[in-house]
Structures are given as C-alpha cells and as structure tokens.
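The primary structure of each chain is shown beneath.
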Amino acid sequence: MKITHCPQCETAFKVSPQQLELAKGWVRCGRCSHVFEAHLYFEATPQTAPVPTPSADAPALFRAAMSAVSAGRESTPKLEMMPRQQPRLWTWVAGVVLLTLCLLWQLLILQRHWLAAQEPALRPVLSALCGCEVTWPREPEAVLIESSSFTENPDGGYLVKLRLKNTQHHPVAMPALELSLIDLQDQVLVRRVFTVDDLSAKDHVPALRDVRLTLNFELDDTVSKRITGFRALVFYP
Ligand SMILES: [Zn+2]
C-alpha cells in the first residue's frame, strides 16, 4: 500500500500496486473528482509503517487529509481508479477535430477560385482569409473551341479566328491557346502559344458565354506555302 495525495484538494488516499496497475496510474479523487496520476503524488513514507498521525504544527489542509486516511480502512471519500483510455480518448477526439478543421481549411484554400466564381461576394473574404490571390477557377474541360478559321489577312499576314465557349454556370479563367500549323503529312510546321496577354482578352470567360478571339501573325513564304491546316487547343499554363 502507498499513500497518494489529490493535488487539488490534498486528500490522501491509499492505493495498492495492483489497483495502480489496473488503472495505469490514473485515479480520480473521491472528494473533488480531480483526475491525476497517483504515482506523482506518492507520500515519501513507506506504507508498511502505521499511518502517521498529523502533528499539531502540520497545515490544516494536510491534517484534514491525514485524518481521511486514518479514519478507517473503508473511509470515504474513496479513490476511483481511472482507465487510462479516458484522457487518451479526449486527446484523440481533439486530434480528429483539429485534423478535420485543417482539411476543411486546405479545401477552402484549394477551392477558393471556384468558390469565388460561384459567389462573387465571397471574393474579398476568401482573399483576406488565406492572404492570397483569388482569381478565376481553371477548368480546362469547361472551355470549348466552338468554331475556328484560318485565313489570309487582306492587309497582310494571316488571321486565326476562334470562338470559345464556357460551358459552366460560373466564370472560369481565360485559358491560353496553342496553335499548330500543319502540312499535308500532318507534320507541325509552326507551333505557337498565345497567353491571355497575347490574346488581349479578359482574364475570364463569363458563365455560359462565348468569347471571340482574333490572332494576327506573319509567316515565312516558304512555310505558308506548305500549310494545309491547323490545330488549336486551349490549356492552362
Ligand atoms: Zn481532490
């Protein structure tokens, strides 16, 4: 038998090594319900000796504690053995909650462009929350090339005209454009990438709307003679 003290109310309790083993050292004070690790508050006096009687000069709290021990074997309050799982369960729950919040936060940051596109009023809030730039969602599948043409420009050079369509119910970022001019054998003669700036277009395509683009460029005569077709595709760099 050993004597431990509740660190909160100073009540002393007797505990056997078997009891401690069962509870993995965690106990609950029968008087104030405080949960503590019994071995941290063991009394130095070995319990083979009779329970010490409180001396007159001991502090009042300590005397009260001692008398709780000496009042008899079955004295109340009792020490309750605590299964160690209890504190662990709370740690676990707190961990799960924290992890969930972290995931939600990550999701919010990742989806901020999309969220802002759905609800433009959220844009300043999202931007302030993550301290980052909120632009437009980049959805390559959302933008289709509805029609395109490649012609000689009467004023010189060549013209490529395209109509892009945003198939989504929210705005999406303006994609970049890759244009390949091909010959009879389907070999690429010229490949050029046009960024949003090159396209002198807006930075987004409004929901379910078309955008018309015209590209004007010069070609070498040797190249232009061999051109039989072109391919255009949109992408996000
Ligand atoms: Zn207590």
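Thresholds applied
- Residues numbered from 1 in each chain as written.
- Predicted model: local features only at pLDDT ≥ 70, side-chain atom pairs only at ≥ 80, totals over all residues.
- Heavy atoms only, no water.
- Core = buried A, V, L, I, M, F, W, Y, C linked by side-chain atoms within 4.5 Å.
- Buried < 20%, exposed > 50% of the residue type's maximum accessible area, 1.4 Å probe, protein only.
- Helix = DSSP H or I, 4+ residues; strand = E, 2+ residues; numbered from the N terminus.
- Contact = heavy atoms within 4.5 Å.
- Donors = N, O, S within 2.8 Å, 3.2 Å for Na, K, Ca; no water.
- Disulfide = S-S within 2.5 Å.

Draft legend 1. Region of interest: the nonpolar core. Formed by 24 residues in total, the largest nonpolar core has its most connected members in L177, F194, L215 and F217. Looking at this core, the elements with two or more residues in it are β7 (158-166), β8 (172-173), β9 (176-182) and β12 (210-217). For F217, the residues in contact, after removing those within four places along its chain, are F150, G157, Y158, V160, L179, L181, R192 and F194. Judged by nonpolar contacts, the second largest core, of 10 residues, contains C9, V15, L20 and C29.

Draft legend 2. Main features of the coordination of the zinc ion. Around the zinc ion, the donor atoms from the protein are C6 (SG), C9 (SG), C29 (SG) and C32 (SG), and they sit 2.2 to 2.3 Å away. For the zinc ion, all donor residues lie on one chain, and their spacing in sequence is C-x2-C-x19-C-x2-C. With C6 in the loop between β1 (2-5) and β2 (12-15) and C32 in the loop between β3 (26-28) and β4 (35-37), this pair connects stretches of sequence that are 26 residues apart. Owing to a relative accessible area of 0%, C6 belongs among the buried residues under this scheme. Judged by its relative accessible area of 27%, C32 is partly exposed.

Draft legend 3. Spatial organisation of the state of the cysteines. Using the criterion set out here, one finds 1 disulfide in the structure. The side chain of C130 participates in a disulfide bridge whose partner is C132; the two sulfur atoms lie 1.8 Å from each other. Negative torsions about the S-S bond denote left-handed disulfides, and the value of about -95 degrees found for C130 with C132 makes this one left-handed. With a relative accessible area of 22%, C132 lands in the partly exposed category.

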